Amino acid sequence: MTEILALDGLVKRFGSRTILDGISLNVSAGEIVCFVGPSGTGKSTLLRCINGLEDIQGGRISFEGQAVQGNPSAIRAVRKRVGMIFQHFNLYPHLTALQNVMLAPVVVHKEAKAEVEARARALFDKVRLAHRINAYPAEMSGGEQQRVAIARALCTNPHLLMFDEPTSALDPETVGDVLTVMRDLALEGRTMLVVTHEIRFAADVGTRMVFMDQCRIVEQGDPRAMVAGAQTERARKFLGTIHG
Amino acid sequence: MMQYWPLMLKSAGTTLWLSWLAMLLGALGGTALALLRQIRFAPLRWVVIGYMEFFRSIPILIVLFFAFYGVPLLLEVDISPFVAATLALALHASATMSEVVSAGIASVGRGQWEAAAAAGFSWPQTMRHIIAPQALRVILPPSVGVFITTLKESSLASIIGYIELTRTGLLVRDSTGGGFLPLLALGAVYFVINYAISQVGAALERRLHIGRRSDLVGAMA
Ligand SMILES: Nc1ncnc2c1ncn2[C@@H]1O[C@H](COP(=O)(O)OP(=O)(O)OP(=O)(O)O)[C@@H](O)[C@H]1O
Ligand SMILES: [Mg+2]
């Protein structure tokens, strides 16, 4: 399998506080890696380091063989190939759903409008929102906004998708719609990093589970096996509490 | 009195032109200052803040005198009352506008910058396509107020001998025997102009969907 992402001894500090303390991880094409762990252990920060939203204080990140840190043009090149989905969607409120999806391909990737629009419309079918194409974000439910955000990320043909708690800000009844779309993406063989508290989703869809606690990766492995019984005490305890 | 109306209206046009030009320059300058403030380089920020505080604290009349009497002495160039007035009003407006534009940019949530950065937008692309359109909704209403203030302040140009609306009104009053009526007419013309400006501003705001729910979401995201 071709390797997409390699983290080697990643260290992240905010001031004197260490947030990530030597994270090493390799992700191959088609993997769906689910990150779980207590609040404040640096899961979001880890994703943000990968696409250069945060600088790092040690270690190395390479994406498709290219070093990410330090070099602004390398960081931009990586961002063009990595789609990110945020907990609070972060759609552009002044644009319609369709315009949201089309903006980056047209402006950043300099693609022809007509081509982008055709692809965008197909993506709205995929996320089951063809009827909401001209709605503004404020007119949509959270679940709808998150699916637009997924379509927005997909429209740039990313090689990696990163989800940071994509369903945590949603009403319970719309969580399922978003998870269904994510399942479809998994079936297509997309490479995904997913920070989530949805353990059931991680067990069903994930190809790997990474349990993080106190700035480190404590345990990783097959999601089903880990949910059934993790090796480490800390992971077992955490998965037990969250699984209910 | 009636025979002076064309004169009054013509000078109303002069006042509008002077204030519009000053406002345009002030808005451009204010935007440039606000963008400079975005740059994370402390000395640059101090310069911008110093400029703003300076022009906010100095009476505009003194800026006007400085432009009209001071600049020619310093630079050895002749400066017309029109240029001096435009310059003084624009300097003053730019200080206020930089505050207004900064507040507009600040009103756009951090999540918008992050979404743009994550998607690979450069800083100018982010500004142009994502931040500016949202900031504009916040910037427009106070800008209309700045324009009206500038227009009222432009009456000070009469002091350095520029024949704009106020000066014309006072001249008319002199040549009609110093009555109360010309002053009333003068006030009425200012009122009509400024009222029209705020109406146009309100229409523009509606066009930009100000007050939609989407503004709340944008601020939160
Ligand atoms: N910009 C920042 N400046 C300082 N500290 C920060 C910053 N961003 C995050 N942190 C700190 O880093 C730690 C890890 O944060 P992070 O958001 O990555 O955790 P998380 O695992 O995603 O938690 P959660 O499950 O609550 O989302 C937290 O203690 C947080 O306070
Ligand atoms: Mg988080």
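Everything discussed here concerns the structure shown above.
Summary of the structure given here. This structure is a prediction, so every number in the text was calculated from the model and none was measured.

Here we look at the overall build of chain B
Phase 1: For chain B, the helix and strand inventory stands at 9 helices and 0 strands.
Phase 2: Starting at the N terminus and ending at the C terminus, chain B contains elements arranged as α-α-α-α-α-α-α-α-α.
Phase 3: The principal-axis extents of the C-alpha atoms in chain B amount to approximately 70 × 45 × 25 Å.
Phase 4: Here chain B holds 221 residues, and the buried ones make up 44% of them.
Phase 5: Put simply, of all contacts in chain B between residues at least 6 apart along the chain, 76% involve residues at least 24 apart.
Phase 6: Total accessible area on chain B stands at roughly 11400 Å², and carbon and sulfur atoms take up 71% of it.

With respect to the pairing of strand 7 (residues 160-164) of chain A
Residues and elements named next belong to chain A.
Phase 1: Among the 5 residues in strand 7, 5 count as buried, and that is most of the element.
Phase 2: Burial along strand 7 is two-sided: L160, M162 and D164 and L161 and F163, pointing in opposite directions, are all buried.
Phase 3: Here strand 6 (residues 82-85) runs beside strand 7; their pairing, made up of 4 bridges, is parallel. Paired with M84 across the strands is M162, a residue of strand 7.
Phase 4: With 4 bridges joining them, strand 7 and strand 8 (residues 192-195) adopt parallel strand pairing.

Let's talk about a nonpolar patch on the surface
Residues and elements named next belong to chain B.
Phase 1: On the surface, W17, W20, L24, L25 and L28 cluster together into a nonpolar patch covering about 540 Å² of accessible area.
Phase 2: Looking at where L28 falls in the secondary structure, it is placed in helix 1 (residues 5-38).
Phase 3: The class for L28 is exposed, based on a relative accessible area of 58%.

Section: the sheet that holds strand 4 (residues 58-63) of chain A
Residues and elements named next belong to chain A.
Phase 1: Reading across from one edge, 2-1-4-5 is the order of the 4 strands in this open sheet, with antiparallel pairing throughout. Looking at which strands have only one partner, the edges of the open sheet turn out to be strand 2 (17-28) and strand 5 (66-67).
Phase 2: Examined bridge by bridge, strand 1 (residues 3-14) and strand 2 share 9 bridges and lie antiparallel to one another. Paired with V11 across the two strands is D21, which belongs to strand 2.

Focus: the site of ligand 1
Residues and elements named next belong to chain A.
Phase 1: Taken together, the neighbourhood of ligand 1 is formed by F14, R17, I19, S39, G40, T41, G42, K43, S44, T45, E165 and H197.
Phase 2: Take G40: an N or O atom from its main chain is 2.8 Å from an oxygen atom of ligand 1.
Phase 3: Contacts to ligand 1 include G42, whose backbone N or O atom sits 3.0 Å from an oxygen atom.
Phase 4: Element by element, the count of residues in the shell around ligand 1 is highest for helix 1 (residues 43-50), at 3 residues.

Some thoughts on the interface of chain A and chain B
Phase 1: Listed as interface residues are 23 residues of chain A and, on the opposing side, 23 residues of chain B.
Phase 2: Of all residues in chain A, A:P93, A:H94 and A:A138 give up the largest surface area on contact with chain B, accounting jointly for 29% of the area buried on that side.
Phase 3: Our count for the contact surface shared by chain A and chain B stands at 1 salt bridge.
Phase 4: When the shortest N-O distance is used, the salt bridge between B:E114 and A:R48 registers 2.8 Å.
Phase 5: Remark: the boundary between chain A and chain B carries 9 residue pairs in polar contact (both at pLDDT 80 or more).
Phase 6: Residue assignment for the side of chain A that touches chain B shows that the elements contributing at least two residues are helix 2 (72-81), strand 6, helix 3 (97-107) and helix 5 (142-154) of chain A.
Phase 7: For the side of chain A that touches chain B, the element with the highest residue contribution is helix 3 of chain A, accounting for 3 residues.
Phase 8: Here the residues of the side of chain A that touches chain B sort into 13 nonpolar, 4 polar and 6 charged.

Digging into the packing of aromatic side chains
Phase 1: One pass over the structure, following the stated rule, counts 9 aromatic pairs over all chains.
Phase 2: Centroid distance B:F65 to B:Y69: 5.8 Å. Interplanar angle 45°. Geometry classified as tilted. Taken together, the residues span about one helical turn, with B:F65 and B:Y69 both in helix 3 (residues 60-75) at a distance of 4 residues.
Phase 3: Here the basic side chain of A:K12 rests over the ring of A:F14, its NZ or CZ set 4.6 Å away from the ring centre.
Phase 4: Cation over ring: A:R152 sits above A:Y92, and NZ or CZ is 4.5 Å from the ring centre.

Quick look at unusual backbone geometry
Residue and element names in this part refer to chain A.
Phase 1: Phi is positive for F89, which is not a glycine, with a value near 65°.
Phase 2: Here F89 lies in the loop between strand 6 and helix 3.
Phase 3: With a phi angle near 45°, E165 is a residue other than glycine that sits in the positive phi range.
Phase 4: Note on placement: E165 falls in the loop between strand 7 and helix 6 (172-187).

Rules used in this analysis
Residues numbered from 1 in each chain as written. Chains lettered and ligands numbered in written order. Predicted model: local features only at pLDDT ≥ 70, side-chain atom pairs only at ≥ 80, totals over all residues. Heavy atoms only, no water. Helix = DSSP H or I, 4+ residues; strand = E, 2+ residues; numbered from the N terminus. Buried < 20%, exposed > 50% of the residue type's maximum accessible area, 1.4 Å probe, protein only. Contact = heavy atoms within 4.5 Å. Areas by Shrake-Rupley, 256 points an atom, 1.4 Å probe, with all protein chains shown as cover. Pairing = 2+ DSSP bridges. Patch = residues over 30% accessible without salt bridge, like charges linked within 9 Å, V, L, I, M, F, W, Y side chains within 5 Å. Salt bridge = Lys/Arg side-chain N within 4 Å of Asp/Glu carboxyl O. Near = heavy atom within 4 Å. Polar contact = N/O pair within 3.5 Å; in protein donor to acceptor, adjacent residues only side chain to side chain. Buried area = accessible area lost by both parts, 1.4 Å probe. Nonpolar A, V, L, I, M, F, W, Y, C, P; charged D, E, K, R; others polar. Phe/Tyr/Trp six-rings, centres within 6.5 Å; stacked < 30°, edge-to-face > 60°. Lys NZ or Arg CZ within 6 Å of the ring centre and 35° of its normal.

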